[in-house]
Structure formats: C-alpha cells, structure tokens
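# Per-entry structural report
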Amino acid sequence: MTTAFVDGLIFVGDGRILEHATVLVDGDRIVKLTEGDIPIPKETLKVPLAGRTLLPGLIDCHVHLCLDGSADPITSSMGEPPAINTLKAAQFARETLMAGVTSVRDLGGQDGVDFSIRDAIRSGLIPGPRMLASGRMICMTGGHGWQIGREADGPDGVRKAAREQIKAGADLLKFMATGGIMTPGVEPGSEQFTEEELRSGIQEAHKAGKKTAAHAQGTQGILNALRAGIDSIEHGIYLNEETISLMLKRDVPLVPTLSAPYQIESKGVEAGIPAFAVDKTLRVKPFYLESVRMARKEGVRVALGTDAGTPFNLHGENLGELQRLVEVGYSTMEALESGTRIAAQVLGLENKLGTIEEGKLADLIVVEGNPLEDIGLLLKTEAIHLVMQGGKLVKGE
C-alpha cells in the first residue's frame, strides 16, 4: 500500500522542522520527503496533516513489560503464573504502541515473558512496539532486582550468566552495577558488580554482536560500568565530572528514566508503595535531577527511557517522560530528539529508525496540534491521531 502524508508540519528528527511538506510511504519504507506538493500515485491513501504534526515513531529505551505498574510490581508479578504475566504483557505492549511508541528496549523480564511477547509481535500475532529484549537482569547474589534476575558472582559466574541469556535469545544484556530503589536492603549509591565482573559479561555480549546496558546509580558503579565497556548507563543518579568526562570520551548515552522517581514521589506510601522505596526516592531526588541537568550541559547524549512497569509508571503513558525532561531544562526539540534520533542510536537501529528520511522504515505518528509548542499533547491518548509501524496503519483511519 502507498500512503501520502500531505500538507503538514513535519518533525524530521534531525533538527529540521518542515512546513507544508509531504511524506510518501510505499510498503514498509519512506520513499519521499519533500517540502511542497509532489505528484501522488493513483490509489494512494492520502492523510491530510492540516493542523497536525507528523513525527517519527517514538522509542522508549527502558521498559519492563512483565511488570504491571502496581504499587509493588515485582511482588505482584512473582505472585502470578507465567501465563497471566504473559497475557498482561501483551496488553501492555498494545497500550504502548497505541500511545505512539513504536519501538522499545525491554530491560528485564522473567520466565521468558519478554521473549515470548517480542516474538509474538514480530510474527504479527499481537500488536506491540518493535522490541529488543534483554532477558533476565544479571545481578550479584542478593543484588538489586535479584527477585526476577539471574544472580551471579565473580567474572566466571557473570560470564556464564551472560552466555545463558544469549542462548535464550536476548537481543542485548543488562547488568546491575549498583543497588537501586525497589529492592529492600540495598543502597542506590553502592556498587555491586566489580569492574572485572562487568567486563567479563560485557565481553560475552560484544563477542555475540550485542549491546549492553547497566543499571548504574552510584558514582563508583557508573565508573565500573564505563571502564568495563558498557554501551548505555541507565538512571545515572550520582554523576560527577569524572563520570561525565568518561561518558563523553566513550560516547556512552544516559537513559535517565525520570518517570520512575516522579511517580513514586507523587503517589507515596498512601498508594501502597513500600516505605523503603519512597524513602530512597526522596533521598536521591536532588542528586538525580542535578545529574540529568549536568548531562545536558556537558553534551552527553540523553535518550528517552521510562522504566515503565515500576510503581504507577504505566505502560501507555510512556511519553510523560518527555514532560519530565522539559521540566528539568531540556527544550522540546531536545526532548523529542531523545525519543527519536538518539533513542534509535541507543538501540543500534539508527539506520532504520529515529528520523523521517528516505529509505528508513515507516514508523510514523500523527499528532493533533504541535507538540513543539506544547509537549503535553503527547500525553493525551486522543491527540495521537494515527500510528504507522513499518508502513502499516495500526491506529487511526
């Protein structure tokens, strides 16, 4: 099928904003991008863009489809059989896609749920975002996320755990370099895996041609991950000049996931969130926000990631993260690029996704109004007028 998006405002994703432009899609690819009118082939589906904005499909670099966004989601998911968790995850995948998020990185599943959902989406069995899955998070014994992670100790133990996830079908690997918020008895600022342990796991991933991500909140754990060769830093609560310098030197992006602490603080213990998680969130908040501001100021690439599935951080509400970035000082252009061009780079799919360019996959969304003037538009489900994924209309008529 050929589709033409005509006479509208187009956010290209590379810094350009085109007015009264046309985008032509044939099959699963963008075949033409031009300002002004062009000849439209007969029997082409025309989508008028007057009063609307065309953007690349948004990309969330950090989700957990096996977590349900309840007050204590890890406990909740562990209390359900895998079949129920899979059915829930399928619904969460659909909600994510309908919100305009056409691709995600799932950074921690359980019982193979993430692989099953990924494969079902790829086969066309269920609707959902294009998905890269890491399998089980690799953590030290008793480390952050141990309840649904793969515990391992020592370089050889971590190497074996990495090989297991690759064997199971992981698209990338995730390592827990520090403590975190949602695990009782661990500190966000404390290092967990050593640099040597991280290096052994990262080497295995890279040998298999796969990228890596590190849950890294404390300064020493961030440094350990960077020195070991990690490909992205998740959260990055306690950044400093040394970590920033190393991130710039090695061109390692930050995925801050501001939505996770925002929702925990907003809802609090009154909503049933464990007190230890609320206490830790409030304690790290000023460092968290300052780190994200510092990353922007110094020029670190920042990618959209939500940690969707954590308490009240709901699937389908992913684009609230863009609002959080604007609130800490990012321009709307910077926020949107974090969820398009930069996010595609983090996934390693920048040659296929992230910008509206000829030859790239036709992942596109049409938004009522102009999100460059009001980023909050993207938080409204009704404002996402149309979603196209790989040239197929999956939402809208």
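Placed above this text is the structure.
Residues numbered from 1 in each chain as written. Predicted model: local features only at pLDDT ≥ 70, side-chain atom pairs only at ≥ 80, totals over all residues. Heavy atoms only, no water.

## Here we look at the overall build of the protein chain
Helices and strands together make up the secondary structure of the protein chain, namely 12 helices and 17 strands. The C-alpha radius of gyration of the protein chain comes to 20 Å, within 12% of the 21 Å expected for a compact globule of 397 residues. Each of the three principal axes of the protein chain carries a C-alpha extent, and together these read 65 × 45 × 45 Å. Taking all 397 residues of the protein chain together, 58% fall into the buried category. Counting only contacts in the protein chain whose residues sit at least 6 apart along the sequence, the fraction spanning at least 24 positions is 67%. Of the roughly 15000 Å² of accessible surface on the protein chain, a fraction of 50% belongs to carbon and sulfur atoms. Side-chain charges of the protein chain comprise 41 positive and 53 negative groups, with the mean position of each set lying 4 Å from the other. (Helix = DSSP H or I, 4+ residues; strand = E, 2+ residues; numbered from the N terminus. Rg over C-alpha atoms; globule rule 2.2 N^0.38 Å. Buried < 20%, exposed > 50% of the residue type's maximum accessible area, 1.4 Å probe, protein only. Contact = heavy atoms within 4.5 Å. Areas by Shrake-Rupley, 256 points an atom, 1.4 Å probe, with all protein chains shown as cover. Lys, Arg positive; Asp, Glu negative; His and termini not counted. Charge placed at Lys NZ, Arg CZ, Asp CG, Glu CD.)

## So, helix α4 (residues 154-168)
Given a rise of 1.5 Å per residue, 15 residues ought to cover 21 Å, and the 21 Å separating the end C-alpha atoms of α4 matches this to within 8%. Here α4 has its buried residues at Val158, Ala161, Ala162 and Gln165. Each buried residue of α4 sits inside an arc of 100 degrees when the element is viewed along its axis, so together they form one side. Relative to its buried face, α4 has exposed residues pointing more than 90 degrees away, namely Asp156, Lys160 and Lys167. Elements in contact with the buried residues of α4: α3 (113-123), β9 (138-139), β10 (150-151), β11 (172-176) and α5 (195-207). The first or second residue beyond α4 is Gly169, which carries a positive phi of 115 degrees. (Expected span 1.5 Å × (residues − 1). Arc of directions from axis to C-beta.)

## Some remarks on helix α9 (residues 275-298)
Here α9 contains 24 residues, and its C-alpha end-to-end distance of 35 Å stays within 8% of the 34 Å for a straight helix at 1.5 Å per residue. Considering bend angle alone, the principal kink of α9 is centred on Val284 and spans about 50 degrees; proline Pro286 follows within four residues of it. Taken together, the buried positions of α9 are occupied by Ala277, Val278, Lys280, Thr281, Val284, Tyr288, Ser291, Val292, Met294 and Ala295. Buried-residue contacts for α9 involve β13 (233-235), α7 (241-250), β14 (254-255), α8 (259-267) and α10 (320-327). Within two residues after α9, Gly299 carries a phi angle of roughly 90 degrees, on the positive side. (Bend = angle between axes of the 7 residues up to and from the residue.)

## Focus on the pattern of salt bridges
Two side chains that carry opposite charge are able to pair once their charged atoms sit near each other. Under the counting rule described, the total for this entry stands at 23 salt bridges. The partner of Arg130 in a salt bridge is Asp363, with the nearest N and O atoms 2.4 Å apart. You can see Arg130 sitting in strand β8 (residues 130-133) and its partner Asp363 sitting in the loop between α12 (341-347) and β15 (364-368), a full 233 residues away along the chain. Residue Asp363 is classed as buried on the basis of its relative accessible area of 5%. Close ionic contact of Glu334 with Arg296 constitutes a salt bridge, the shortest N to O distance being 2.8 Å. (Salt bridge = Lys/Arg side-chain N within 4 Å of Asp/Glu carboxyl O.)

## Some thoughts on the nonpolar core
Counting 86 residues, the largest nonpolar core has Ile230, Ile233, Leu322 and Leu378 as the members making the most contacts within it. The element best represented in this core is α9, accounting for 7 residues. Not counting chain neighbours up to four residues away, the residues in contact with Ile230 comprise Phe175, Ile202, Thr212, Ala213, Ala214, Ala225 and Val252. Within the second largest apolar cluster, 18 residues are counted, among which are Ile10, Val12, Leu33 and Val47. (Core = buried A, V, L, I, M, F, W, Y, C linked by side-chain atoms within 4.5 Å.)

## Quick word on the side chain of Asn370
Here Asn370 lies in the loop between β15 and β16 (384-389). A polar contact of 2.9 Å, which involves the side chain of Asn370, links it to the backbone nitrogen of Leu372. (Polar contact = N/O pair within 3.5 Å; in protein donor to acceptor, adjacent residues only side chain to side chain.)

## A look at the environment of Leu258
Here Leu258 lies in the loop between β14 and α8. A C-alpha to C-alpha distance of 11 Å links Leu258 and Leu319, two positions 61 residues apart in sequence. Non-local contacts of Leu258, meaning those with residues more than four positions away in its chain, are made with Tyr288, Leu289, Val292, Gly305, Glu321, Arg324, Leu325 and Val328.

## Points about the packing of helix α6 (residues 219-228) against α7
Viewed as axis vectors pointing N to C, α6 and α7 meet at an angle of 20 degrees, and their least axial separation amounts to 10 Å. Classified by the angle their axes make, α6 and α7 are roughly parallel. Between α6 and α7 lies a crossing of left-handed hand. Contacts between α6 and α7 involve Thr219, Ile222, Leu223, Leu226 and Arg227 on the former and, on the latter, Glu242, Thr243, Leu246, Met247 and Arg250. When the residues that make up the contact of α6 with α7 are grouped by side-chain class, the tally is 5 nonpolar, 2 polar and 3 charged. (Axes fitted to C-alpha atoms, helices over the stretch in contact; angles between N-to-C directions. Parallel < 35°, antiparallel > 145°, perpendicular 65-115°, else oblique. Left-handed = near helix turned anticlockwise from the far one by under 90°. Nonpolar A, V, L, I, M, F, W, Y, C, P; charged D, E, K, R; others polar.)

## As for the packing of aromatic side chains
Across all of its chains, the model carries 1 aromatic pair by this definition. With a centroid separation of 5.1 Å and 40 degrees between ring planes, the pair formed by Tyr238 and Phe287 is classed as tilted. Placement of the pair is Tyr238 in the loop between β13 and α7 and Phe287 in helix α9, with a sequence separation of 49 residues. Here the guanidinium or amino end of Arg296 rests over the ring plane of Tyr330, the centre of that ring lying 5.8 Å away. A cation sits over an aromatic face here: Arg324 above Tyr262, 3.8 Å from the ring centre. (Phe/Tyr/Trp six-rings, centres within 6.5 Å; stacked < 30°, edge-to-face > 60°. Lys NZ or Arg CZ within 6 Å of the ring centre and 35° of its normal.)

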